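One letter stands for each residue in the lines below.
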Amino acid sequence: MNANIFARLFEPLDEPERLAIETADGARISYGDLVALTGRLANALGARGVQPGDRVAVQVEKSVPALALYLACARAGAVYLPLNTAYTLNELAYFVSDAGPRLIVCDPAASEGVRGLAAPLNAHVDTLDADGRGSLMEAAVAMPADFATVPRAGGDLAAILYTSGTTGRSKGAMLTHANLVSNALTLVECWRFDRNDVLIHALPIYHTHGLFVASNVTLFARAAMIFLAKFDPARVLGLMGRATALMGVPTHYVRLLREPGLSREAVRAMRVFISGSAPLLADTHREWAERTGHAILERYGMTETGMNTSNPYDGARVAGTVGPALPGVAVRVTDPDTGRVLARDTIGMIEVKGPNVFSGYWRMPEKTRAEFRADGFFITGDLGKIDAAGYVHILGRGKDLIISGGFNVYPKEVEGEIDAIPGVVESAVIGVPHPDFGEGVTAVVVRDKAARLDEAGVMAALEDRLARFKQPKRVIFVDDLPRNTMGKVQKNVLRDSYAALYADG
Ligand code: AMP
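Criteria and thresholds
Residue numbering note: each chain is counted from 1, following its sequence as written. A pLDDT threshold of at least 70 governs which residues receive local features in this predicted model, and a stricter bar of 80 or more applies before side-chain atom pairs are shown or counted, although totals over entire chains, interfaces and linings include all residues. The side-chain numbers reported here are obtained from all heavy atoms of the structure, hydrogens and water having been left aside. For the purposes of this entry, the term helix denotes a DSSP run of H or I that reaches at least four residues, the term strand denotes a run of E that reaches at least two, and both are numbered from the N terminus. Accessibility here uses a 1.4 Å probe with only protein chains present; expressed as a share of the type maximum, an area under 20% marks a residue as buried, one over 50% as exposed, and anything in between as partly exposed. Whether two residues are in contact is decided by their heavy atoms: any pair within 4.5 Å suffices. Using a 1.4 Å probe, accessible areas were evaluated by the Shrake-Rupley method; residue-level cover was limited to the displayed protein chains. His is not counted, nor are the chain ends; Lys and Arg add positive charge and Asp and Glu add negative charge. A charge is said to be at NZ when it belongs to Lys, at CZ for Arg, at CG for Asp and at CD for Glu. The aromatic pairing rule takes the rings of Phe, Tyr and Trp, using the six-membered ring of Trp, and pairs them if the centres are within 6.5 Å, calling planes under 30 degrees apart stacked, those over 60 edge-to-face and the rest tilted. Should DSSP find at least two bridges between two strands, the strands are taken to pair. In the cavity and pocket records, a cavity denotes points on a 1 Å grid over the protein atoms alone where a 1.4 Å probe fits but cannot get out, a pocket denotes an open set with protein on both sides within 12 Å along at least 5 of 7 lines, and lining residues are residues with an atom within 4 Å of a point. Grid points are joined across faces, edges and corners, and a volume is the space filled by probe spheres set on the points. One heavy atom suffices: a residue is near a molecule or strand as soon as one of its heavy atoms comes within 4 Å of it. Definition of a polar contact: a pair of N or O atoms within 3.5 Å, with one able to donate and the other able to accept a hydrogen when the atoms are protein atoms, and with sequence-neighbouring residues admitted only if both atoms are side-chain atoms. Classification convention: Asp, Glu, Lys, Arg as charged; Ala, Val, Leu, Ile, Met, Phe, Trp, Tyr, Cys, Pro as nonpolar; all other residues, Gly among them, as polar.

Draft legend 1. Structural context of the overall build of the protein chain. Check the secondary structure of the protein chain and you find 15 helices and 23 strands. Per-residue burial over the protein chain gives 58% buried out of 505 residues. Put simply, 66% of the contacts in the protein chain that link residues at least 6 apart link residues at least 24 apart. In the form shown here, the protein chain has an accessible surface area of approximately 20,500 Å², with 52% of it arising from carbon and sulfur atoms. If the 53 positive side-chain charges of the protein chain are averaged to one point and the 57 negative ones to another, these points end up 2 Å apart.

Structure below.
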């Protein structure tokens, strides 16, 4: 059997007339149309000299042709390399030189600069704009729709996704056809996706969440997706009357909760709300349940691994947890220093192993070796614990752990206590260099506009709730926490902003 994800998805293709994608402006693309477009694009790739194993770097706005390009790369045996649209030309230079693509597809507005990067590599440059126009589609429409899908083994590369890496150089996570297929099939089953589903797809498609989780799951299930270029809460709410599923990042749910129209009636057609890519506040989970009658299904994954754990479809979806390991995935918690497996309910490093786990970092064999244990477990860099029921709790990235006066302080624990103070919207707790303590626990807090909360008020509220070494030395109020496009709070940005906070002792 051809292990190529394209073959697994579409060969054979029954019911080609079935709707695959509806766009924001009402265009309807059937599965047959989508597969034909991938054939034309795969032929166009061939005409550009793209061979199996070659990388195709893509920095374009979200569109149906952009999604088809991902599928066409798989079909042609090429390695798809999506890039965040926010990257500047300067940042792009690193990815391009590191990955050595044969073809770079970019927005027409960026093409001049990209040509400069491509020239030394002899890479071809094509354009594709937000409406799906540009040189790539001009070439594709002139090509036949038939294309013989390139045979691939499960271990062959399908994609390289650069990690958002907030420290050091971004690393290219190598994902195989088998990684993508196994994870998508597991999720289809766990989340009960089928042909009757209509997913509201408002995520970017350069990241694992929108590209692999949302798109692969929908396509494997032969469901339909409504493709929105951006997340607009009013628009998404309006679609809930005729959609069945939403996959979002926590900020999407927070923003939807601000819509006065969000009610049980408004979500009557919806079957499931899924959240991931960043921690969902327990408060958001509760508020959502009150307003809509649905418990948000939170799951946990990362670029390198796809999805690792998920709250159950049936059974308790526990706020503040990411659920048990997915079928076929092993999750354990270890002592970060020794690698010794820890007992239930003990905090340590989360490690995972399974068919979903990537095959290593592109051209970084040492980095790869350093992040895998000898028995094949990948060291995620996330701290957490597994409770008696087998549910995983995430306490944050290891690099966000604060060591103050020699004691470990888990930011999530402090954030949980601060968030529970009336008048607090949300918080981020960081470690900032401190002359006495090494790092000073520092809270950055967003408060309700109407709340009369000040630093002393926060300190007083924590007095009896947290051991002294965990209590913030300073509380700083801000209007918003800095977040990236996936809704993750950028703690590195906060650490930089307040680096000198305790400099005077
Ligand atoms: P990325 O590779 O951009 O998908 O980021 C992966 C990281 O996001 C993980 O290692 C976690 O730190 C974080 N993450 C993803 N899902 C969750 C979740 N449900 N709760 C908490 N953190 C999460």
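Draft legend 2. Summary view of the environment of glutamine 490. Summarising the element assignment, glutamine 490 is placed in the loop between β23 (474-477) and α15 (491-497). Owing to a relative accessible area of 24%, glutamine 490 belongs among the partly exposed residues under this scheme. Sequence-wise, glutamine 490 and alanine 428 are 62 residues apart; in three dimensions their C-alpha atoms are separated by 9.3 Å. Sequence-distant contacts of glutamine 490, defined by excluding residues within four places in its chain, comprise Pro482, Arg483 and Asn484.

Draft legend 3. Spotlight on the packing of aromatic side chains. A full pass over the atoms with the stated rule returns 16 aromatic pairs. Seen from their ring centres, tyrosine 70 and tyrosine 80 are 5.5 Å apart, and the 50° between their planes marks the pair as tilted. Placement of the pair is tyrosine 70 in helix α3 (residues 64-75) and tyrosine 80 in strand β4 (residues 79-82), with a sequence separation of ten residues. Plain terms: the ring middles of tyrosine 253 and phenylalanine 273 are 6.4 Å apart, the flat faces sit at 80° to each other, and that makes the pair edge-to-face.

Draft legend 4. Highlighting the pairing of strand β8 (residues 172-176). Burial runs high along β8: five of the five residues are buried. Burial along β8 is two-sided: the face carrying Gly172, Met174 and Thr176 and the face carrying Ala173 and Leu175 are both buried. Bridge analysis of strand β7 (residues 157-162) against β8 gives five bridges, and the strand direction is antiparallel. Its bridge partner being in β8, tyrosine 162 is matched across the sheet by glycine 172.

Draft legend 5. Summary view of the layout of surface pockets. Of the volumes computed, that of the second largest pocket is approximately 430 Å³. If you trace the second largest pocket, you find 21 residues lining it, with Thr23, Lys62, Ser63, Val64 and Ala130 closest to the centre. Among the elements that take part in the lining of the second largest pocket, helix α2 (residues 31-47) stands out by supplying three residues, more than any other.

Draft legend 6. Up close: empty space enclosed by the protein. Counted by the stated rule, this structure contains one cavity of 30 Å³ or more. The calculated volume of the largest cavity comes to roughly 100 Å³. Looking at the largest cavity, it is lined by 13 residues, and the ones nearest its centre are Asn179, Leu180, Asn183, Phe212 and Gly306. Looking at the lining of the largest cavity, the element that brings in the most residues is helix α7 (residues 177-190), giving five residues.

Draft legend 7. Inspection of the site of the ligand at higher detail. As a matter of local geometry, the ligand sits amid 16 residues, with Glu298, Arg299, Thr303, Asp382 and Lys488 nearest to it. Taking arginine 299, its main chain carries an N or O atom lying 2.7 Å from a nitrogen atom of the ligand. Within the contact set of the ligand, an oxygen atom lies 2.6 Å away from a side-chain nitrogen or oxygen of aspartate 382. Burial of the ligand by the surrounding chains reaches 92%, relative to a free accessible area of 500 Å². A per-element tally of the shell around the ligand places strand β13 (residues 297-302) first, with five residues. The class makeup of the residues in the shell around the ligand is five nonpolar, six polar and five charged.

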